[in-house]
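# Observations on the three-dimensional arrangement
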Amino acid sequence: MDRIRITGGRELNGTIPISGAKNAALPLMIASLLTEDELTLTNVPRLSDVSNLARILGNHGVDVTIAGKRSGDDVLMGQTVRLAARSIVDTTAPYELVSTMRASFWVIAPLVARMGRAKVSLPGGCAIGTRPVDLLLMALERLGAKIEIDAGYAVCEAPNGLKGAEIDFGKVTVGGTHVALMAATLADGTTVIRNAAREPEVTDLAECLIKMGARIKGLGTDTLEVTGVTRLKGTHHAVVADRIEAGTYAMCVAMTGGDVLLEGARPELMQAALDVLTQAGAEISATNAGIRIKRNGAGISPVTVTTAPFPGFPTDLQAQLMGLMTRAQGTSRITETIFENRFMHVQELARLGAHIHLDGQTATIEGVDVLKGAPVMATDLRASVSLVIAALAAQGETLVNRVYHLDRGFENLEAKLAACGAQIERISG
Ligand SMILES: CC(=O)N[C@H]1[C@@H](OP(=O)(O)OP(=O)(O)OC[C@H]2O[C@@H](n3ccc(=O)[nH]c3=O)[C@H](O)[C@@H]2O)O[C@H](CO)[C@@H](O)[C@@H]1O
Ligand SMILES: C=C(OP(=O)(O)O)C(=O)O
């Protein structure tokens, strides 16, 4: 199993290219099930979640080709992925495949919308919380699907097609909004989705669906109106830049000091995170090329932050912010409101010398002057990268185990950081 070795104490200076967003690429790939034509996605990140989903879609009969490895020696470009679901050969998504990644449950929406049936394994909980799918199933039921839970599978039928309806989400759900949006595009009549998630990845999916011929109004708001069409067509779409990856590298720079251009990052999609970084003492400027982040000399100021759905501070940056605050000059408070158990990093950060006290959903972090390298491991993606952030400022060597979590969501993490001066390397095997 690969590990990452980091020797802390180096400033970061240079340019980090920001990849396409994992959380947009996955639903976009799933949307290919809605049409017989070819969907071409560019700027797709090289991540294990992407290759796993390609395998899952292949099982349904989607022809997936992945091209465009790199242009030049050190300039990494996203991949181009072509997906053609000419005929769907299997409407079942088995446990063995769905259990490898939660987002694959979302195939239920295009399968039932196009084929009138789907049998998809329930995804189960994960390290950050129980993560039920009741709201996703409620949305499909509102559209007229009959759903039964049988032997661990959601069996969903709509032999006469889906019908437009009002869907009111009691709680903001990104996955629920993706599912409702995809299913409604092929439903008969108009669907109104209320309390829809406004995350940029939802808007990216909606923009692609519109290019495929879907009729959707209200992009970027909490009310989406979808008028169903009988068929969708193929298109080309570039995956939106990853605001979570950009926010993560911004926190790395805020931690180590230095001056880095986050190339291709979109400041308007991550204002809450940029505001928190500014409070923490980083200097942020938006440029034509992306976001420039600097921290020179002054220490890290403590912050008080509560996670919230977009446009609030994202839960997917909560662990990274905690990593940064371990070295703040004072006491920070971070409250997690989206997932009930997203604190797997607390114990591991403590191994590096962090002082964190957890009380319910709020972590109180007493900043320390010195962190010291240690072997660490985490059980999820963002928790793992919070350890990388702390390790970049720790004295001595940190070995981050279970790198496969990082490979789910960060393309070439060690190459991107090393190019800016970090002492970081992957140890294979
Ligand atoms: C692949 C992807 O895009 N993953 C993101 C997506 O996950 P995901 O789509 O799974 O997260 P949701 O937005 O659905 O979850 C938000 C909250 O709603 C709850 N809930 C959700 C569905 C449901 O049927 N019932 C229910 O109670 C969840 O347990 C959680 O407490 O959005 C999360 C919140 O921004 C991010 O952290 C994940 O990175
Ligand atoms: C929680 C995440 O992903 P997933 O929903 O795929 O588990 C994440 O990207 O931080």
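Treat the numbers as computed from the prediction; the structure is a model and nothing was measured.

As a further point, take the site of ligand 2. The full set of residues close to ligand 2 is Lys22, Asn23, Ile128, Arg131, Asp316, Arg342, Leu381, Arg382 and Arg408. Here an oxygen atom of ligand 2 sits 2.9 Å away from a polar atom, N or O, in the side chain of Lys22. Relative to its unbound accessible area of 290 Å², ligand 2 is 87% covered by the protein chains. The set of elements that each furnish at least two residues to the shell around ligand 2 consists of helix H1 (22–31) and helix H12 (381–393). Tallied by class, residues from the shell around ligand 2 come to two nonpolar, one polar and six charged. Here the shell around ligand 2 spans two domains, since at least three of its residues come from each of domain 1 (3–19 + 241–427) and domain 2 (22–229).

Turning our attention to the UniProt feature "binding site: phosphoenolpyruvate" (unreviewed entry) in the protein. The sites that carry the UniProt feature "binding site: phosphoenolpyruvate" (unreviewed entry) are, in the present numbering, Lys22 and Asn23. Within the secondary structure, Lys22 is located in helix H1. Of the residues examined, Lys22 reaches a relative accessible area of 7% and is grouped as buried. Ignoring any residue separated from it by four or fewer positions in sequence, one finds Lys22 in contact with Pro45, Leu47, Asp49, Asp242, Leu381, Arg382, Arg408 and Gly409. The residue Asn23 is located in helix H1 in this model.

This part covers helix H7 (residues 200–211). Its twelve residues place the ends of H7 17 Å apart at the C-alpha level, agreeing with the 16 Å of an ideal helix rising 1.5 Å per residue. Within the sequence span of H7, burial applies to Pro200, Glu201, Val202, Thr203, Asp204, Leu205, Ala206, Cys208 and Leu209. Taken from the residues just after H7, Gly213 is the one with a positive phi, measuring 110 degrees.

One finds Ile108, Leu140, Leu162, Leu181, Met182 and Leu209 to be the most contacted residues of the largest nonpolar core, which totals 81 residues. No other element matches the seven residues that H1 contributes to this core. Apart from the residues within four sequence positions on either side, Leu209 is in contact with Ala31, Leu34, Leu181, Met182, Thr185, Ala214 and Ile216. In this structure, Ile6, Phe313, Ala394 and Val403 belong to the second largest nonpolar core, which totals 72 residues.

Attention now goes to the domain arrangement of the protein. Annotation of the protein at the domain level lists domain 1 (3–19 + 241–427) and domain 2 (22–229). Taking only C-alpha atoms, the centre of domain 1 and the centre of domain 2 are 30 Å apart. Every contact between the two is made by 24 residues of domain 1 and, on the other side, 19 residues of domain 2. Taking both partners together, domain 1 and domain 2 bury about 1900 Å²; carbon and sulfur atoms supply 51% of that area.

Moving on, we get to the packing of aromatic side chains. Under the criterion given, the structure shown has zero aromatic pairs. Over the ring of Tyr153 we find Lys119, and its NZ or CZ is 5.0 Å from the ring centre.

Let us now look at the sheet that holds strand S24 (residues 423–427). Strand order in the open sheet made by the four strands is S22-S23-S1-S24, with mixed pairing throughout. Looking along the sheet, the strands with just one partner apiece sit at the ends: strand S22 (375–377) and S24. With direction set aside, neighbouring strand axes in the sheet form an average angle of 20 degrees. One ladder, built from four bridges, connects strand S1 (residues 3–7) with strand S23 (residues 397–401); its direction is antiparallel. Within the sheet, the bridge partner assigned to Ile4 lies in S23 and is Val400.

About the criteria used
Residues numbered from 1 in each chain as written. Chains lettered and ligands numbered in written order. Predicted model: local features only at pLDDT ≥ 70, side-chain atom pairs only at ≥ 80, totals over all residues. Heavy atoms only, no water. Near = heavy atom within 4 Å. Polar contact = N/O pair within 3.5 Å; in protein donor to acceptor, adjacent residues only side chain to side chain. Areas by Shrake-Rupley, 256 points an atom, 1.4 Å probe, with all protein chains shown as cover. Helix = DSSP H or I, 4+ residues; strand = E, 2+ residues; numbered from the N terminus. Nonpolar A, V, L, I, M, F, W, Y, C, P; charged D, E, K, R; others polar. Domains from an automatic or database assignment. UniProt positions renumbered as here; feature names shortened; annotations may be inferred. Buried < 20%, exposed > 50% of the residue type's maximum accessible area, 1.4 Å probe, protein only. Contact = heavy atoms within 4.5 Å. Expected span 1.5 Å × (residues − 1). Core = buried A, V, L, I, M, F, W, Y, C linked by side-chain atoms within 4.5 Å. Buried area = accessible area lost by both parts, 1.4 Å probe. Phe/Tyr/Trp six-rings, centres within 6.5 Å; stacked < 30°, edge-to-face > 60°. Lys NZ or Arg CZ within 6 Å of the ring centre and 35° of its normal. Pairing = 2+ DSSP bridges. Axes fitted to C-alpha atoms, helices over the stretch in contact; angles between N-to-C directions.

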